[in-house]
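Read off the chains here:
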Amino acid sequence: MKNSKNLKAIFEKNKLVRIVGAHDGITAKLISRAGFEGVWASGLEISASYGVPDANILTMTQYLERAIEMNDSSSLPVIADCDTGYGNVNNVIHMIESYEKSGISSVCIEDKLFPKVNSFFGNKQPLASISEFCGKLEAAKATKKNKDFMVIARIEALIARQGMKEALKRAYEYSDAGADAILIHSKEKSPVEIIEFCKKFKSRKIPIVVVPTTYPKFHENLMPNLGIKMVIYANQVIRSSVTSIEKTLQKISKNKNLLSVDKEIVPVKKIFDLQSMNSLKENEEKYLDSDNKRILTIIPAAGKPPKGKTDKIDKFIESRYPVCLIKIKGESILKRNKRMLNSLGLKIIKVITGFKSESFKKNGEIQLIKNEDYNNCEQIDSIMAGLNNKFQDTLILFSDVLFDRSIISKLINSKHDISIGIDKLSLNNRKKYADYLEAEHDPVLEGRSLLNNEKNLIKKFSKKYFKNSNYEFIGAI
Ligand code: SPV
Ligand code: MG
């Protein structure tokens, strides 16, 4: 019932509540974006959008479905045009139950006979008797459960040319029967009769609602002093869409291409935006591929770059940066790896800092953990500092290596308990700084080889070069 509360709150806050008629989800959303306070689920707009007369041809459930669609697609309260209540008091009772249960904020019923026709169509607008309509209002009031759910009584006496006296009489009776607001409808080209009605009725202090379709000059500024609390721009949305659709269709038909219309209509991107296509991507990122999402990545980056055995570039790094912050074509190794990890759905990333830890910028996307004792311990201590207490699939990446996405993808999709990224040990690499391994199957050192995902069991792992070593560790486990 949040929407009924909203409508009540808007009534209390605003001098004038501005409502616009709509017929579906997208039009309701546009109304909300344009800054209006509520949506009128217009009988005329809904029936017209079905291509049928506004004459109770559609059923209550068809109108209700559209009202729900509008309610769901915007945060604005929906005021439903419920014609005569779709029948007699029994229909009204069912209608109130259905609309209130569906989260619609308010309903409006008019004092005509079922089946009604639109107020601007023809001259025959037979009215219900006052007592019959008051019965409907009383039934509605007794049925609604939420005190904030508003029942608006719509008077058609001016439309039916029954005069001001009749209109006022009905207004008093309907307020006594419990209407929360009075909608006074007119098909005059000027607001004169509406103004007269308001002046005579406003002492009742019941909110007055107007629909200035035929008297479009009537300005909002004049309304509050006349006791008008709500203005409904009931059918301008569907009328303007018809204008625009016709113009576009004529141009396409005449020019036999889309060139002239393409510039005049909104881009497809705007339609995507209105139908919240972006939320698909966000939801997928959040919920899809959830196995990867739970993987913890630890990047130990605490150590000082090794001294002595390095060339110029290492010296440069040593004096200024932790290695993972060195930029390659404007983007650091760490950032590049983070991008690669994110693209695989890995979002929990911990970087263990130590040497020049102040050079790491906090950004909320990577957790920084400082290993204060980095100078006196081993890399494994940094890795341990990043582990969680609970069991969790964990990826460990060296900080100073740029990783290829496909390799990391293979690693995290491995079904084995521990999987290690290895590369063939070239002859040049022997006895250099590396982590050496002996694995069951030799790499193919020459000629062509097909990569496959077959298990290659690791027999030995060593910091020092040893005779049977055939691979080196690439820094990803
Ligand atoms: C509607 O929008 O369906 C209305 C208002 O009832 S009007 O068409 O102006 O009568
Ligand atoms: Mg209507």
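In what follows, the structure referred to is the one given above.
Anyway, here's the lowdown on the structure attached to this text. (Residues numbered from 1 in each chain as written. Chains lettered and ligands numbered in written order. Predicted model: local features only at pLDDT ≥ 70, side-chain atom pairs only at ≥ 80, totals over all residues. Heavy atoms only, no water.)

Time to look at the overall build of the protein chain. Looking only at helices and strands, one finds 17 helices and 18 strands in the protein chain. The C-alpha radius of gyration of the protein chain comes to 36 Å, more than 25% above the 23 Å expected for a compact globule of 477 residues. Its C-alpha atoms put the protein chain at 110 × 55 × 40 Å along the principal axes. Residues classed as buried in the protein chain amount to 46% of the 477 residues present. Sequence-distant contacts, at least 24 apart, represent 69% of the contacts inside the protein chain between residues at least 6 apart. Only carbon and sulfur atoms are counted for the fraction: they give 53% of the accessible area of the protein chain, which is about 26800 Å². Here the protein chain contributes 77 positively and 57 negatively charged side chains, and the mean placements of these two sets differ by 5 Å. (Helix = DSSP H or I, 4+ residues; strand = E, 2+ residues; numbered from the N terminus. Rg over C-alpha atoms; globule rule 2.2 N^0.38 Å. Buried < 20%, exposed > 50% of the residue type's maximum accessible area, 1.4 Å probe, protein only. Contact = heavy atoms within 4.5 Å. Areas by Shrake-Rupley, 256 points an atom, 1.4 Å probe, with all protein chains shown as cover. Lys, Arg positive; Asp, Glu negative; His and termini not counted. Charge placed at Lys NZ, Arg CZ, Asp CG, Glu CD.)

What follows concerns a nonpolar patch on the surface. On the surface, I26, L30, V266 and I271 cluster together into a nonpolar patch covering about 290 Å² of accessible area. Following the sequence through the fold, I271 ends up in helix 11 (residues 268–274). (Patch = residues over 30% accessible without salt bridge, like charges linked within 9 Å, V, L, I, M, F, W, Y side chains within 5 Å. Salt bridge = Lys/Arg side-chain N within 4 Å of Asp/Glu carboxyl O.)

All right, on to the pairing of strand 8 (residues 228–233) then. Most of strand 8 sits out of view: 5 of its 6 residues are buried. Where strand 1 (residues 17–22) meets strand 8, 4 bridges bridge the pair, whose relative direction is parallel. When the bridges of strand 8 are listed, V17 appears paired with M230. When strand 7 (residues 208–210) meets strand 8, the two strands line up parallel, connected through 3 bridges. In the strand pairing of strand 8, V209 is matched with M230. (Pairing = 2+ DSSP bridges.)

Most often, soluble globular proteins keep nonpolar side chains buried together rather than apart. The biggest cluster of nonpolar side chains holds 62 residues, and the ones touching the most others in it are M95, Y99, Y174, I182 and F197. Those residues in contact with Y174, other than ones at most four positions away along the chain, are D111, I130, F133, C134, L137, A153, I155, A179 and I182. The next biggest cluster of nonpolar side chains, apart from the first, holds 22 residues, and it includes I295, M340, L395 and L397. (Core = buried A, V, L, I, M, F, W, Y, C linked by side-chain atoms within 4.5 Å.)

Across the chain, the bulk of peptide bonds are trans and the bulk of non-glycine residues have phi less than zero. A cis amide bond links F114 to the next residue, P115, at an omega of -5°. Phi is positive for N56, close to 55°, though the residue is something other than glycine. Within the secondary structure, N56 is located in the loop between helix 3 (43–50) and helix 4 (60–73). Phi at K205 takes a positive value of approximately 60°, unusual for a residue other than glycine. On the basis of relative accessibility, which here comes to 73%, the residue K205 falls in the exposed class.

Our focus in this paragraph is the sheet that holds strand 9 (residues 296–301). Pairing within the open sheet is parallel, and its 4 strands lie in the order 13-12-9-14. Strand pairing shows two members of the sheet lacking a second neighbour, strand 13 (367–370) and strand 14 (394–396), which therefore form its edges. Across the sheet, the mean angle separating the axes of adjacent strands is 25° when strand polarity is ignored. As judged from the 6 bridges shared by strand 9 and strand 12 (residues 348–353), these two strands associate in the parallel manner. From the neighbouring strand, L296 faces strand 12, where its bridge partner is I348. The sheet strands contacting helix 15 (residues 333–343) are strand 9, strand 12 and strand 14, and the helix crosses strand 12 at an angle near 160°. Across the face of the sheet, helix 16 (residues 379–386) comes into contact with strand 9, strand 12, strand 13 and strand 14 while running at roughly 145° to strand 9. (Axes fitted to C-alpha atoms, helices over the stretch in contact; angles between N-to-C directions.)

A word on the sheet that holds strand 15 (residues 422–424). Spatially, 4 strands are ordered 15-18-16-17 in an open sheet, and the strand pairing comes out antiparallel. The sheet is open, and its two edges are formed by strand 15 and strand 17 (458–462), each paired on a single side. Here the strands of the sheet are splayed against their neighbours by 35° on average, with no regard to which way each runs. Inspection of the sheet shows strand 16 (residues 436–439) paired to strand 18 (residues 471–473) by 2 bridges, in the antiparallel sense. Across the sheet, residue Y436 finds its bridge partner in strand 18, namely E472.

All we've got here are geometric facts, nothing functional implied.
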